[in-house]
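# Report on the structure
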There are 2 protein chains.
Amino acid sequence: MFRSHTCGELRIGNVNQQTTLAGWVQTVRKFGSITFVDLRDRYGITQLLFGENLQAQLDANPLGREFVLQATGTVTERSNKNKNIPTGEVEITVTSFKILNKSEVPPFKIEDDTDGGDDLRMKYRFLDLRRNAVKKNLELRYAVGRSTRNYLHENNFMDIETPFLIKSTPEGARDFVVPSRMNPGQFYALPQSPQTFKQLLMVSGYDRYYQIVKCFRDEDLRADRQPEFTQIDCEMAFVEQEDILQMFESLVKRIFKDVKGIDYSEVVERMTWEEAMWQYGNDKPDIRFGMKLNNLKFPSHTFTTKQDISSIIAGEFAVFNEAETVIAIAVPNCSEYTRKQTDELVEWVKRPQIGMKGLAFIKCNTDGTFKSSIDKFYTEEQLKNIATTCNAVAGDLILILAGTEEKTRKATSDLRMEMGKRLGLRKDDDFKLLWVLDFPLFEYAEEDNRWVARHHPFTSPKPSDTDTMINNNPRIENAAEYLKHPYANIKANAYDMVLNGNEIGGGSIRIFQKELQQKMFEALGMDTEEQQHKFGFLLGAFEYGAPPHGGLAFGFDRLCAILGGSESIRDFIAFPKNNSGRDVMIDAPSTIDDKQFDELQIKLNLK
Amino acid sequence: MFRSHTCGELRIGNVNQQTTLAGWVQTVRKFGSITFVDLRDRYGITQLLFGENLQAQLDANPLGREFVLQATGTVTERSNKNKNIPTGEVEITVTSFKILNKSEVPPFKIEDDTDGGDDLRMKYRFLDLRRNAVKKNLELRYAVGRSTRNYLHENNFMDIETPFLIKSTPEGARDFVVPSRMNPGQFYALPQSPQTFKQLLMVSGYDRYYQIVKCFRDEDLRADRQPEFTQIDCEMAFVEQEDILQMFESLVKRIFKDVKGIDYSEVVERMTWEEAMWQYGNDKPDIRFGMKLNNLKFPSHTFTTKQDISSIIAGEFAVFNEAETVIAIAVPNCSEYTRKQTDELVEWVKRPQIGMKGLAFIKCNTDGTFKSSIDKFYTEEQLKNIATTCNAVAGDLILILAGTEEKTRKATSDLRMEMGKRLGLRKDDDFKLLWVLDFPLFEYAEEDNRWVARHHPFTSPKPSDTDTMINNNPRIENAAEYLKHPYANIKANAYDMVLNGNEIGGGSIRIFQKELQQKMFEALGMDTEEQQHKFGFLLGAFEYGAPPHGGLAFGFDRLCAILGGSESIRDFIAFPKNNSGRDVMIDAPSTIDDKQFDELQIKLNLK
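Note on numbering: residues in each chain are counted from 1, in written sequence order. Lettering for chains starts from A, numbering for ligands starts from 1, and both go in the order in which the items are written. Totals for whole chains, interfaces and linings use all residues, but because this is a predicted model, local features are given only for residues with pLDDT of at least 70 and pairs of side-chain atoms are given and counted only at 80 or more. Only hydrogens and water are set aside when side-chain values are computed; all heavy atoms of the structure are taken into account.

## Thoughts on a positive patch on the surface
- A contiguous patch of positive charge on the surface is contributed by Arg 217, Arg 222, Arg 225 and Lys 284 of chain A.
- Runs of H or I in DSSP of at least four residues are treated as helices and runs of E of at least two as strands, each being numbered from the N terminus. Within the secondary structure, Arg 222 of chain A sits in the loop between β9 (208-216) and β10 (228-237). Every patch collects residues that have over 30% relative accessible area and no salt bridge, joining them within 9 Å if they carry like charges and within 5 Å if they are nonpolar side chains (Val, Leu, Ile, Met, Phe, Trp, Tyr). Surface accessibility in these figures is a Shrake-Rupley result with a 1.4 Å probe; residues are shielded only by whichever protein chains are displayed. Every case where a carboxyl oxygen of Asp or Glu lies within 4 Å of a side-chain nitrogen of Lys or Arg is listed as a salt bridge. By the counting scheme adopted, Arg and Lys are positive, Glu and Asp are negative, and His together with the chain ends is not counted. In this description, the location of a charge corresponds to atom NZ of lysine, CZ of arginine, CG of aspartate or CD of glutamate.

## Comments concerning the confidence of the model for chain A
- Across chain A, the average pLDDT comes to 95, with 100% of residues at 70 or higher.
- Interface scoring of the predicted complex returns ipTM 0.95; its pTM is 0.96. Per residue, pLDDT measures the predictor's confidence, with a range of 0 to 100.

## Details of the pairing of strand β2 (residues 34-41) of chain B
All names here are of chain B.
- Each residue is assigned to one of three classes by its accessible area relative to the maximum for its type, calculated with a 1.4 Å probe on protein chains only: buried under 20%, partly exposed between the two thresholds, exposed over 50%. Most of β2 sits inside the fold, with seven of its eight residues counted as buried.
- A pair of strands is considered paired only if DSSP assigns at least 2 bridges between the two. Across seven bridges, strand β1 (residues 18-31) lies against β2 in antiparallel orientation. Directly across from Arg 29, in β2, lies its bridge partner Phe 36.
- Here β1 folds back onto β2 in antiparallel fashion, the turn holding two residues, of which Gly 32 has a positive phi close to 60°.

## Looking at the packing of aromatic side chains
- For this analysis, a ring pair means two rings from Phe, Tyr or Trp (six-membered ring only for Trp) whose centres lie within 6.5 Å, classed as stacked if their planes differ by under 30 degrees, edge-to-face if by over 60, and tilted for the remaining angles. Under the definition given, this model contains 63 aromatic pairs over all chains.
- Aromatic pair Phe 256 of chain A and Tyr 264 of chain A: ring centres 5.4 Å apart, planes at 10°, arrangement stacked. Each of the two residues, Phe 256 of chain A as well as Tyr 264 of chain A, counts as buried.
- Considering the side-chain rings of Phe 31 of chain B and Phe 36 of chain B, the 5.9 Å spacing of their centres and the 70° angle between planes classify their relative orientation as edge-to-face.
- The buried category is assigned to Phe 36 of chain B, whose relative accessible area is 15%.
- A network of ring pairs unites the aromatic residues Phe 442, Tyr 444, Trp 451, Tyr 482 and Tyr 487 of chain A as a single cluster.

## Comments concerning the pattern of salt bridges
- One pass over the full model with this rule turns up 95 salt bridges over all chains.
- The shortest N-O distance in the salt bridge between Glu 235 of chain B and Lys 198 of chain B comes to 3.3 Å. One end of the pair, Glu 235 of chain B, is in strand β10 (residues 228-237); the other, Lys 198 of chain B, is in helix α5 (residues 195-203), and 37 residues separate them in sequence. Like Lys 198 of chain B, Glu 235 of chain B is buried.
- Salt bridges sharing common partners tie together Asp 118, Arg 121, Arg 125, Asp 128 and Arg 131 of chain A.

## What to know about the relation of the copies chain B and chain A
- With an RMSD of 0.1 Å, chain B superimposes on chain A once it is rotated by 180° and translated 0.0 Å along the axis. Overall, the copies show the geometry of a two-fold rotation axis.
- For this analysis, residues touch if any pair of their heavy atoms sits within 4.5 Å. Taken together, the interface assignments show that 100% of the residues at the interface of chain B recur at the interface of chain A, consistent with an identical surface on both copies. Superposing copies: least-squares fit, C-alpha atoms only, residues required to have pLDDT of at least 70 in both.

## Details of the interface of chain B and chain A
- Across the contact, 131 residues belong to chain B and 131 residues belong to chain A.
- A quick way to say it: buried area is the sum, across both parts, of accessible area lost when two parts are put together, with a 1.4 Å probe. Summing the contributions of chain B and of chain A, the shared interface buries around 12,000 Å²; its carbon and sulfur component is 58%.
- For the interface between chain B and chain A, the tally reads 14 salt bridges.
- Where Lys 607 of chain B meets Asp 598 of chain A, a salt bridge forms, and the shortest distance between an N and an O atom there is 3.9 Å.
- Between N or O atoms, a polar contact is any pair within 3.5 Å; within protein, one atom must be a potential hydrogen donor and the other a potential acceptor, and residues adjacent in sequence are included only when both atoms are from side chains. The interface formed by chain B and chain A includes 77 residue pairs in polar contact (both at pLDDT 80 or more).
- The element that contributes the greatest number of residues to the side of chain B that touches chain A is helix α4 (residues 132-154) of chain B, accounting for ten residues.
- Three classes are used, and their members are as follows: Ala, Val, Leu, Ile, Met, Phe, Trp, Tyr, Cys and Pro are nonpolar, Asp, Glu, Lys and Arg are charged, and the others, Gly among them, are polar. Of the residues assigned to the side of chain B that touches chain A, the class counts are 69 nonpolar, 26 polar and 36 charged.
- Bridge count for strand β23 (residues 602-604) of chain A against strand β23 (residues 602-604) of chain B is three bridges, and the pairing is antiparallel. Its bridge partner lying in β23 of chain B, Lys 603 of chain A is registered against Lys 603 of chain B.

## Points about the sheet that holds strand β16 (residues 397-403) of chain B
Residue and element names in this part refer to chain B.
- Spatial strand order, β12-β13-β16-β14-β15: five strands in an open sheet with antiparallel pairing. Of all the strands in the sheet, just β12 (294-297) and β15 (370-372) have a single pairing partner and so form its edges. For this sheet, the mean inter-axis angle between neighbouring strands, taken without regard to orientation, is 20°.
- When strand β14 (residues 360-364) meets β16, the two strands line up antiparallel, connected through four bridges. When the bridges of β16 are listed, Phe 361 appears paired with Leu 399.
- Running at roughly 10° to strand β13 (residues 325-331), helix α11 (residues 405-422) makes contact with β12, β13 and β16 of the sheet. Lines fitted to C-alpha atoms define the axes here, with helix axes fitted over just the stretch in contact, and angles between the N-to-C directions of these axes take values from 0 to 180 degrees.

## Quick notes on the nonpolar core
- Here, nonpolar core refers to any group of buried Ala, Val, Leu, Ile, Met, Phe, Trp, Tyr and Cys residues whose side-chain atoms link them within 4.5 Å. The biggest cluster of nonpolar side chains holds 85 residues, and the ones touching the most others in it are Val 144, Leu 200, Phe 248, Leu 433, Trp 435 and Phe 554 of chain A together with Phe 126 of chain B.
- It is helix α6 (residues 241-260) of chain A that contributes the most residues to this core, nine residues altogether.
- In this structure, Met 585 of chain A together with Leu 152, Phe 256 and Val 268 of chain B belong to the second largest nonpolar core, which totals 84 residues.

## What about the side chain of Ser 566 of chain A?
All names here are of chain A.
- Positionally, Ser 566 belongs in the loop between α15 (556-563) and α16 (594-600).
- At a separation of 3.0 Å, a polar atom in the side chain of Ser 566 contacts the main-chain amide nitrogen of Ser 568.
- With residues near it in sequence (within four places) discarded, Ser 566 still touches Ala 561, Asp 571 and Phe 572.

## What to know about the sheet that holds strand β9 (residues 208-216) of chain B
Residues and elements named next belong to chain B.
- The sheet built from eight strands is open, its strands ordered β6-β9-β10-β22-β21-β20-β17-β11 with mixed pairing. In this open sheet, the two strands that pair with only one neighbour each are β6 (158-159) and β11 (269-272).
- Note that strand β17 (residues 433-437) and strand β20 (residues 494-499) share five bridges and pair antiparallel. Pairing of Leu 434 across the sheet is with Val 498, part of β20.
- α4 contacts β6, β9 and β10 of the sheet and is inclined by roughly 150° relative to β9.
- Contacting β9, β10, β11, β17, β20, β21 (502-509) and β22 (549-555), helix α6 (residues 241-260) runs over the sheet at an angle of about 20° to β20.

## Structural notes on the domain arrangement of chain A
- Boundaries between domains were set according to an automatic or database domain assignment. Here the domain parsing of chain A yields domain 1 (12-101), domain 2 (133-265 + 556-597), domain 3 (289-426) and domain 4 (440-491 + 513-546).
- For domain 2 of chain A and domain 3 of chain A, the distance between their C-alpha centres works out to 40 Å.

Here you go:
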């Protein structure tokens, strides 16, 4: 051992002890004939004092930032105590030292508030990882993993490894593939998730499975996606939806407790997908704040159980009259927004990411009057009526968007989130869990005139919808009228767990009957041959006593990011890739040798 | 929940309770108007009793083997108790039942003693996994993983995930590569181990890292190799070899305790590589039994510290006289082997896997006389002398092999292991750990006339050999005399952990100085450009304060297999591949679509 203690453990009680520390030089401060060095390791920082006797040796071997130093000496009480760090009451009076390795001047400061830009820090990731901010993220990640494993172990789950070299069955996302040298012309695929394998484990009787496992998707990367990411992947047999919800909300509560010290004793809210879309315009609503959507107008084929209240906006305003959908939110305490502020909001909704043509507003003044951008189309009585419908109170600013259904709903949701952020209603240390339930089983793919599985092809319909699925031909005769097909109304036995407006997990009760699984594949446009080629093993397994089962997967990277109060998963991954899927530190991907092409019997076919 | 209890938990104390069980039908036995069913799940087997009242329903819905059944009833004391299973004192008097899913007749018996051949069981792996024997293996694997994580957590190790999509730097084994769609013409590689990443984590200050992680090697598969396998991968900073040995022998002892209930209180033996080769002919000796090698003759350039005793076999026997090496083992209690038995041993060493031309023997008869296959070349006095040298006692059978050094040594080792097996000296439940130390740092690659790293290019020389490495030109001028090059004698700071004759783990203290690492790469024949292309990131990291560090990796699959008393790792992997690297269950690898080729900008180039 190069040390007797770490740089984080010496206290006033250790005074007069001999110690040897090893770590990195954080700072060097010379005061006349004595030199102070802050020595850093994973556990903390300890001050070293080099007296006059060591100055000649120090002058001959000058210390620099990030040098690796071993120092032996006596623990001494500091005269000038530092209350900010746990070791701040002591220092080491050094008697001998050794430079274990030197360091070039680092390209950026190894401090919380670094001067290094993103690209530089990615290239020198091994230095960025030294910063306390990044270290805390990885420590949190480890704590979340540890808490997860402990909870699942106590609940009889078994960690079972599933293979990484599997078969390409591109359903949703694109597969990464791996050419097989031993089977020329054939390829493995890297798993997008262990989905079918965990289902096979249920067929095999391992009734509670989990894995914290890498998954791979070859998709064009948005800011917060990575080509390889980690899932907490779970599956249970002999369960119904309610069992899964209880098991895994308790897991998240346990993580809150273990990792954040938070007792999440509240009941976890539940909401149907339809209500989420209706009230929040979003299937992963942030319920830390209200500001719900008021659906002033919507197309008759959507939300068929909801009452049409569009008469309250009846009038001369062509934009509302022509719009498929009109939705309002009441923003608290913003009635006194200036023209400049409301103009800025108009510009905000016109940005390409939102893409709306404009924004109407009604100020619910504190004196009881109303002031609106659409004054000339509506009477004060009508404005008041709208405000009442929106449950707005004096001081609120009502924001109204109009347009086509899908776009307007999404835009209002985005606007709500933006206003929530501006008003400080989305606090990092405030956590609200939500289950979103009863998703549609299918979506309609216009280009192919076929159904696609909204979740994935292994999700079962609600038990009450099973007959509808079995007894109807999935074929859509008239593409324009797909909404009239019975499949359009089938609900899935699926559930998403939402935390602060982020989907952190999702899953479903699976299909476990061969006939129903075949019907699903058929609905997705797979003929019998294709079914057999891609999923013959699963259909085969369903012939030999498959039990009812279901499960879910948490996005481990995202869960950690949210718990760490960050929007970016990249900060919680030790060695992330950039938006081009590159690791700029190791410079991968890269070219390979001719010998490798030759052995794999493939060649490039560059466009 | 489809059940109130599992099939493994009901006891006599539960009598008169209502229960609902769900599981698989193991057996159906009909006796007149009552039917007994053994219902099986992960936790055990419980007997169900279907009375007369349910026979009509059973006749209408006949149960078959592996049907998935849910049954509700009352826990009842059995009249005919089964002492062999924990639930054997009770049965369930069924009041209602439901067939949750049917099953075809399985292609083999789901029992410990199955009638299914290897190929069939691989194809129907989801059924093979139901067998108790296989389940126990996976449970043991989970227990080993859990024990490992707990121990490492208690010792301040952090589980940090390293990337799977990295860079191809083929050094030892062949890489699996992954074409990058976003970077056409470029490839990722799947990691053969997280070696360089864990070293970067040490440079980053995470001083105790571990991961239980999949690794990949595209090698032609021997019986006990898999293209994807799992490592317990560990690294520590600020440590010397002794720290690593202590930390990880304690880990293995902890696993023995947690998983097998074994208190391994003995000191873990240590042996240099040279002694292992000298005494056992093998760098992973099985020290559960003696029968050590007696080196009657060996080439003078090997084992330079050992005494030449070849005079004791001096004589007229041309085979010994012409042989480079003559080695004997004394096999206890076999002096009365018949001619048939000794002939069979001669045939055994002549098999192509061993490849020797013959085998000499000396029977140390219990009456004090000697009888040998080489009687006519040696006097009884000489035979006695050889026997004494071999520490043979009356009743021993001395077996002697002669030939070239490397082949003879290996063959004697194989013969020793074979005799140990035949004599029952290699017991599954007897565990003996051993550290093998002080390996040579380099081997010599004749075809390229260069050095290769025996362990890997990141292993450091012994501190006392560092100067030899730095101060000599690695170039071998005269290939025939490579043994005279100073590099031939450099010892590595490396260690292997051996359990019962299997290498279960290995590692080294790493190079952490840029200059030494460059010297190593140079010795392996890499010029500066190639060093920079392949390992520029590591050489770069060593410029910024790399601490002394080292680590090791355990072969998780093999460790589990040995603890489970098996020779085959395949039995301890949920979904293994066959010797052609195929998963015959899912039928992978397989062809991919034209669209995938097109997007990846590659094409086949089949020979």
